[in-house]
Amino acid sequence: MHKLAIRGGAPSKTKSFPEWPIHDEKDEENLLKALKSGRWGKGATGNLIKSSEDKSFIQTFEETMANRIGVQHALAVSNGTSALDIAIRALGISQGDEVIVTPYSYIASATCILQSGAIPVFADVELETWNVNPESIKKLISNRTKAIIVVHFAGQSANMDEIMTIARENSLAVIEDVAHGYGGSWNGKALGTFGDLGCYSFQESKNLTCGEGGLIVTNSQENFEKIYSYHMTGRLYKGKWYEHYNLGWNARITEFQAAIACSQLEKFNEQNNLRKNNAEILRTELSKIEGIVVTQVIDQVTDHPYHIFTLRYDASKWNNLSRNRFIRALNCEGIPCHIGYLYPIYKNPLFLSIPELLNATNEMLCPNAERICNEAIWIPQHILLGDTQDMMEIVDAFHKIKLNLVELGV
Ligand SMILES: *Cc1c(COP(=O)(O)O)cnc(C)c1O
């Protein structure tokens with residue numbers, strides 16, 4: 001094997017990975033169409049809609065998503081964080097309530113609980129799947145618990161059979177954070193359709209993106225009218241423009257965002273299949289390497305869109321080479337990857353500044369989440385849009401480092 005790139009050798013990667021986001025003429029066409037339509041937002045210019053066939057990009061996007069996901073109502077909003085804030089408000093969660101959530105997620109999965117005045121209670125995750133452990137949820141239910149926020153981490157469904165049973169038995173509402181999981185399913189049923197409300201993100205890094213954007217889905221007309229009102233500064237659905245009933249936000253999406261979301265959606269299925277095929281190659285090949293623990297995919301997960309390809313690094317099998325140094329060596333070989341979340345949500349400075357929020361002491365609240373934070377390596381989704389050679393060069397880089405550990409002084 002050749003000298004490691006971190007020591008000045010030639011990198012394993014011989015050509016670069018696809019850039020992200022990816023755009024083509026269709027995106028340009030849609031964007032210009034929105035620009036020239038004179039309909040830039042979802043404002044009082046509803047009068048610009050000339051006929052029932054003349055649809056805004058926002059309407060088209062919402063209808064297409066509702067169809068694809070298989071749900072009655074889809075409301076596009078400005079971003080995924082707003083989607084979560086609005087969803088929790090729609091459930092009537094407020095001060096004194098508790099909401100159970102995973103600590104291994106993006107901060108917005110838990111800040112929506114704080115924004116509503118309620119208290120986040122952190123249930124630990126499974127070491128194998130990185131998703132919330134249903135047994136851990138059960139143990140945390142109190143008479144103040146009102147809801148569960150389920151995150152489908154990296155795009156892999158959490159155990160929705162067990163979680164929905166727990167929710168039913170304890171009369172708890174369920175919000176699904178599907179920011180990683182558009183295109184994912186559990187036993188053939190689309191993620192986002194199990195709970196009361198499903199929240200998506202189309203932020204720049206996500207598998208479907210329009211720069212910033214979000215979506216809330218529900219099968220309940222009542223919930224739909226609530227989320228509509230909350231994203232529209234409290235106006236009623238089909239109500240008057242200057243008549244406000246609820247305390248809401250302006251979380252409207254623009255036509256420019258929706259225009260890009262529509263054209264990106266046309267590319268999604270092909271990209272999604274490519275990611276899945278490439279993830280299978282990495283799964284097979286990287287699982288063979290001692291000291292690399294590829295995250296398990298459980299049988300009921302019928303579609304996994306792989307927002308992230310995740311693995312745990314066991315330094316003891318790499319002569320105790322630190323994870324940071326290992327990642328640095330991989331980066332030098334031309335493989336983009338990183339450690340992911342620095343720590344579980346509750347160890348962010350925000351949470352440490354309000355310790356009374358914690359349902360236990362600060363240390364080792366959720367040992368599996370802590371451990372994953374210390375051992376995780378994330379390979380981002382757009383890397384999975386490369387070709388087979390790209391995947392094999394990733395695998396080569398891992399082997400090359402293993403064979404040349406002495407060069408790294410370990
Ligand atoms: C990205 C993300 C969000 C928030 O979405 P934004 O559109 O960035 O506001 C929420 N939850 C998870 C798990 C995310 O990854």
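About the cut-offs
- Residues numbered from 1 in each chain as written.
- Predicted model: local features only at pLDDT ≥ 70, side-chain atom pairs only at ≥ 80, totals over all residues.
- Heavy atoms only, no water.
- 1 Å grid on protein atoms, 1.4 Å probe; cavity = no way out; pocket = protein on both sides within 12 Å on 5 of 7 lines; lining within 4 Å.
- Points joined across faces, edges and corners; volume = space filled by probe spheres on them.
- Helix = DSSP H or I, 4+ residues; strand = E, 2+ residues; numbered from the N terminus.
- Near = heavy atom within 4 Å.
- Polar contact = N/O pair within 3.5 Å; in protein donor to acceptor, adjacent residues only side chain to side chain.
- Areas by Shrake-Rupley, 256 points an atom, 1.4 Å probe, with all protein chains shown as cover.
- Sits in = over half its atoms within 2 Å of the grid points.
- Nonpolar A, V, L, I, M, F, W, Y, C, P; charged D, E, K, R; others polar.
- Pairing = 2+ DSSP bridges.
- Axes fitted to C-alpha atoms, helices over the stretch in contact; angles between N-to-C directions.
- Buried < 20%, exposed > 50% of the residue type's maximum accessible area, 1.4 Å probe, protein only.
- Right-handed = clockwise from strand over helix to strand, strands pointing away.
- Contact = heavy atoms within 4.5 Å.
- Parallel < 35°, antiparallel > 145°, perpendicular 65-115°, else oblique.
- Left-handed = near helix turned anticlockwise from the far one by under 90°.
- Patch = residues over 30% accessible without salt bridge, like charges linked within 9 Å, V, L, I, M, F, W, Y side chains within 5 Å.
- Salt bridge = Lys/Arg side-chain N within 4 Å of Asp/Glu carboxyl O.

**Structural notes on empty space enclosed by the protein**
Rolling a probe over the atoms, with the probe sized like a water molecule, indicates the empty space that remains.
Reasoning step 1: One pass over the structure, following the stated rule, counts two cavities of 30 Å³ or more.
Reasoning step 2: Ala154, Gln156, Thr295, His304 and Thr310 are, among the 14 residues lining the largest cavity, the residues nearest its centre.
Reasoning step 3: The greatest single-element share of the lining of the largest cavity, amounting to three residues, is contributed by strand E12 (residues 308–313).
Reasoning step 4: Approximately 50 Å³ is the volume found for the second largest cavity.

**Quick look at the site of the ligand**
Reasoning step 1: Neighbouring the ligand are 15 residues, the closest being Gly80, Thr81, Asp177, Ser201 and Lys206.
Reasoning step 2: Backbone polar atom of Gly80 to an oxygen atom of the ligand: 2.8 Å apart, as the coordinates give it.
Reasoning step 3: Bound to the protein, the ligand loses 92% of the 380 Å² it would expose on its own.
Reasoning step 4: Taken atom by atom, the bulk of the ligand overlaps the second largest pocket.
Reasoning step 5: Per element, the largest residue contribution to the shell around the ligand is three residues, and it comes from helix H3 (residues 80–90).
Reasoning step 6: Residue composition of the shell around the ligand, by class: four nonpolar, nine polar and two charged.

**Points about the sheet that holds strand E10 (residues 292–294)**
Reasoning step 1: With respect to topology, three strands assemble into an open sheet ordered E10-E12-E13, the strand pairing being antiparallel. Looking at which strands have only one partner, the edges of the open sheet turn out to be E10 and strand E13 (376–380). For this sheet, the mean inter-axis angle between neighbouring strands, taken without regard to orientation, is 30°.
Reasoning step 2: One ladder, built from three bridges, connects E10 with E12; its direction is antiparallel. Note on E12: the bridge partner recorded for Ile292 is Tyr313.

**Describing the pairing of strand E2 (residues 98–101)**
Reasoning step 1: Here E2 shows a buried face lined by Glu98 and Ile100 and a second buried face lined by Val99 and Val101.
Reasoning step 2: Across four bridges, the pairing between E2 and strand E3 (residues 119–122) is parallel. What sits directly across from Ile100, in E3, is Val121.
Reasoning step 3: In this fold, E2 hands off to helix H4 (residues 108–115), which returns the chain to E3; that crossover is right-handed.
Reasoning step 4: Pairing geometry for E2 and strand E4 (residues 145–151), over four bridges, is parallel. Each bridged residue has a counterpart across the sheet, and for Ile100 the counterpart in E4 is Ile148.

**What about the layout of surface pockets?**
Reasoning step 1: The computed volume of the second largest pocket comes to approximately 340 Å³.
Reasoning step 2: Every element with two or more residues in the lining of the second largest pocket is listed here: H3, H4 and strand E8 (197–201).
Reasoning step 3: Considering each element in turn, the lining of the second largest pocket owes the most residues, three residues, to H3.
Reasoning step 4: In terms of residue class, the lining of the second largest pocket is built from nine nonpolar, 10 polar and three charged.

**A word on helix H11 (residues 367–375)**
Reasoning step 1: Those residues of H11 that fall on the buried side of the exposure criterion are Ala369, Glu370, Ile372, Cys373 and Glu375.
Reasoning step 2: In this structure, the buried side of H11 is in contact with E12, helix H9 (323–332) and E13.

**Quick look at the packing of H9 against helix H12 (residues 388–403)**
Reasoning step 1: Relative orientation of the contacting elements H9 and H12 amounts to 125°, with a least axis distance of 10 Å. The angle between H9 and H12 places the two elements in the oblique class. Read as a crossing pair, H9 and H12 show a hand that is right-handed. Along its contact with H9, which presents Phe326, Ala329 and Leu330, the element H12 presents Ala397, Phe398 and Ile401.

**What about the packing of helix H8 (residues 255–286) against H12?**
Reasoning step 1: Interaxial distance between H8 and H12 falls to 10 Å at its minimum, and their mutual angle equals 25°. On the basis of their axis angle, the class for H8 and H12 is roughly parallel. In the crossing of H8 with H12, the sense of the turn from one axis to the other is right-handed. Only Thr388, Met391, Met392, Ile394, Val395 and Phe398 of H12 make contact with H8, whose side of the interface consists of Asn278, Ile281, Leu282, Glu285 and Leu286.

**Some words on a nonpolar patch on the surface**
Reasoning step 1: On the surface, Leu32, Leu35 and Trp40 cluster together to form a nonpolar patch covering roughly 300 Å² of accessible area.
Reasoning step 2: Secondary-structure assignment places Leu32 in helix H1 (residues 25–37).

**What to know about the sheet that holds strand E6 (residues 185–186)**
Reasoning step 1: As summarised here, the arrangement of the three strands in space is E7-E6-E11, forming an open sheet in which the pairing is antiparallel. Looking along the sheet, the strands with just one partner apiece sit at the ends: strand E7 (189–190) and strand E11 (301–303).
Reasoning step 2: When E6 meets E7, the two strands line up antiparallel, connected through two bridges. The partner of Trp186 across the bridge, within E7, is Lys189.

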